[in-house]
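# Reading the structure
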Amino acid sequence: MIGLIGKKVGMTTVFTEDGKAVPVTILQAGPCEITQLRTEKRDGYTAIQIGFDTTEKRIPKPLLGHFKKAGTKVYKKLKEIRLDNVKDYKIGQTLTVEQFQVGDTVRLSGISKGKGFQGVQRRW
């Protein structure tokens, strides 16, 4: 199972044919570039590492060296996706939403803002 990294763009409303308003979330999913291939022989497991959201600011030098060695752009977000077979993929290959078909089941997960123990303390 292959995946993508994305970010929330915003919210909007879509109207159905019978006039009902349905709230929807707009996501920007991809394009993601493969930055590293993990193999069973070298790493002990098989996976691909993908990058999303290019940047040039505030990236540590060891990570810059990682991108330079791979010959890819510099990305803010990196994620590994475990796969059974990485031979079908190459470093520098771009993954987009075109890999999904209409009717495919898509699993999403996100990161909350993490507001902690607010309770009655939140006042202003």
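Residues numbered from 1 in each chain as written. Predicted model: local features only at pLDDT ≥ 70, side-chain atom pairs only at ≥ 80, totals over all residues. Heavy atoms only, no water.

## Here's the deal with the pairing of strand β4 (residues 47-54)
Across the eight residues of β4, six count as buried, placing the element largely inside the fold. One ladder, built from five bridges, connects strand β3 (residues 32-38) with β4; its direction is antiparallel. In the sheet register, R38 faces β4, and the bridge partner there is A47. Strand direction decides the pairing type here: β4 and strand β5 (residues 75-82), joined by seven bridges, are antiparallel. Residue pairing in the sheet places T54 in a bridge with Y75 of β5. (Buried < 20%, exposed > 50% of the residue type's maximum accessible area, 1.4 Å probe, protein only. Helix = DSSP H or I, 4+ residues; strand = E, 2+ residues; numbered from the N terminus. Pairing = 2+ DSSP bridges.)

## Considering the pairing of β3
Of all seven residues in β3, seven are buried, a share of seventy percent or more. By the bridge criterion, two bridges tie β3 to strand β6 (residues 94-95) in an arrangement that is antiparallel. Residue C32 lies in a different strand from β6, and its bridge partner there is L95.

## Observations concerning the nonpolar core
The biggest cluster of nonpolar side chains holds 13 residues, and the ones touching the most others in it are I2, I34, I48, I50, L83, Y89 and L95. Counting only elements with at least two residues in this core, the list comes to β3 and β4. Among all residues touching Y89, those that are not within four sequence positions of it are I2, I34, L37, I48, L83 and L95. (Core = buried A, V, L, I, M, F, W, Y, C linked by side-chain atoms within 4.5 Å. Contact = heavy atoms within 4.5 Å.)

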